[in-house]
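Analysis of the macromolecular model
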Amino acid sequence: MRRIDQDPSDELIFETLRNDSVGRNSDVARFINLIQSIEGSYSIFLDAPWGEGKTFFVKSVEAVLKTRNSFLKDPDTETFDALPGGNTLDKQPEPYLPFYFNAWENDHYGDPLCPLLADMASQYDFDTKTDTASFSDKAVTIIDMISGIASLGAMGGGQTGLSNALNTLKGKDLLDQFKERKELRSKFDELIESVLPKYASKMILFIDELDRCNPLFSIRLLEQTKRLFANDNVILVYSVDSIQLANAIAGVYGNQFDSKKYLERFYDM
């Protein structure tokens, strides 16, 4: 007996795109054309119930975008300037740098940014244009910074929370810790701007399986990526079942909390 659904391997995705075997090439083309029309920083919720094929869809979009970037393209793979079925893709003036992150596979980590950056560094381990430090070296520097100030992210309110944070810091100046947190955003900008001029015009960050994660991990991931990746050269795409995610968040904050309204903070479309 074989499972009905199949893992979205690269081979299966390319086969599906070539033959339009699931009838979604037109949706993939429209979504890519939508992304190419976006100016500045933007975030999208790709919203559908479990089992509707969100992962296969975003990995198909990622695959097409990679074939249209000569730096990322496999020499043995065709470039998809049009998808079978009469679905022409708009001409893109510059290539994109897509990155796929499965949140569910990493929700056992305390801070979501550390596995996200580590995964990103492993995929894009190349020298940057601006200096001798590689993309992965710059990512590791940010991971170290996150690890150093992670205790403040878990700091509760009131005098007890502040006391616990002070004890955790073990004498390190509290003001320095907050300064490091403010510097974190500029470090993310440096990371993005050091690599994009040479290899792409924009980064497309696909965050998948968010609704399956530990609710606290999902909340942290949403808040941190929306804030720290707020760069004119970054588009965030959250693949999610918003109803399930809202229910999970309500389980953390209570049924009186308007979790659906809360989620609206994180998407433009």
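1. Some thoughts on the overall build of the protein chain
The helix and strand inventory of the protein chain stands at 10 helices and six strands. Relative to its full complement of 269 residues, the protein chain shows a buried share of 46%. The long-range fraction of contacts in the protein chain, counting pairs at least 24 apart against all pairs at least 6 apart in sequence, stands at 76%. Here the protein chain displays about 14,000 Å² of accessible surface, and carbon together with sulfur accounts for 48% of that area.

2. Focus: the packing of helix α2 (residues 25–37) against helix α3 (residues 54–67)
Working note: a packed helix pair is described by the angle between its axes plus the distance between those axes. Interaxial distance between α2 and α3 falls to 10 Å at its minimum, and their mutual angle equals 65 degrees. The handedness of the crossing between α2 and α3 comes out as right-handed. Across from Asp27, Val28, Phe31, Ile32 and Ile35 in α2, the residues of α3 making contact are Phe57, Ser60, Val61, Val64 and Leu65.

3. Side note on empty space enclosed by the protein
For the coordinates displayed, the defined rule picks out one cavity of 30 Å³ or more. Reported here for the largest cavity is a volume of approximately 30 Å³. Taken together, the residues of the lining of the largest cavity sort by class into four nonpolar, two polar and two charged.

4. A closer look at the environment of alanine 246
Inspection of the secondary structure puts alanine 246 in helix α9 (residues 242–253). Between the C-alpha atoms of alanine 246 and leucine 263, which are 17 residues apart in sequence, the distance is 7.3 Å. Once residues within four sequence positions are removed from consideration, alanine 246 is found in contact with Ser259, Lys260 and Leu263.

5. Observations concerning the environment of arginine 68
With respect to the secondary-structure elements, arginine 68 resides in the loop between α3 and β2 (82–83). In this structure arginine 68 comes out as buried when scored by relative accessible area, which is 11%. In this structure the C-alpha to C-alpha distance between arginine 68 and leucine 97, which are 29 residues apart in sequence, comes to 9.7 Å.

6. Quick look at the side chain of aspartate 208
If you trace the backbone, aspartate 208 turns up in strand β5 (residues 202–208). No salt bridge is formed by the buried aspartate 208; the nearest opposite charge belongs to lysine 54, separated by 6.3 Å.

7. Points about the sheet that holds strand β1 (residues 42–47)
Pairing within the open sheet is parallel, and its four strands lie in the order β1-β6-β5-β4. Looking at which strands have only one partner, the edges of the open sheet turn out to be β1 and β4 (96–102). The average undirected angle you get between the axes of adjacent strands in this sheet is 15 degrees. Pairing of β5 with strand β6 (residues 234–240), which is carried by five bridges, proceeds in the parallel orientation. Opposite isoleucine 204, over in β6, you have isoleucine 235 as the bridge partner. Those strands touched by α2 are β1, β4, β5 and β6, and its axis lies near 160 degrees from that of β1. Strands in contact with helix α4 (residues 113–123) are β4 and β5; relative to β4, the strand with the most contacts, it is inclined by about 130 degrees.

Rules and cut-offs
Residues numbered from 1 in each chain as written. Predicted model: local features only at pLDDT ≥ 70, side-chain atom pairs only at ≥ 80, totals over all residues. Heavy atoms only, no water. Helix = DSSP H or I, 4+ residues; strand = E, 2+ residues; numbered from the N terminus. Buried < 20%, exposed > 50% of the residue type's maximum accessible area, 1.4 Å probe, protein only. Contact = heavy atoms within 4.5 Å. Areas by Shrake-Rupley, 256 points an atom, 1.4 Å probe, with all protein chains shown as cover. Axes fitted to C-alpha atoms, helices over the stretch in contact; angles between N-to-C directions. Left-handed = near helix turned anticlockwise from the far one by under 90°. 1 Å grid on protein atoms, 1.4 Å probe; cavity = no way out; pocket = protein on both sides within 12 Å on 5 of 7 lines; lining within 4 Å. Points joined across faces, edges and corners; volume = space filled by probe spheres on them. Nonpolar A, V, L, I, M, F, W, Y, C, P; charged D, E, K, R; others polar. Lys, Arg positive; Asp, Glu negative; His and termini not counted. Salt bridge = Lys/Arg side-chain N within 4 Å of Asp/Glu carboxyl O. Pairing = 2+ DSSP bridges.

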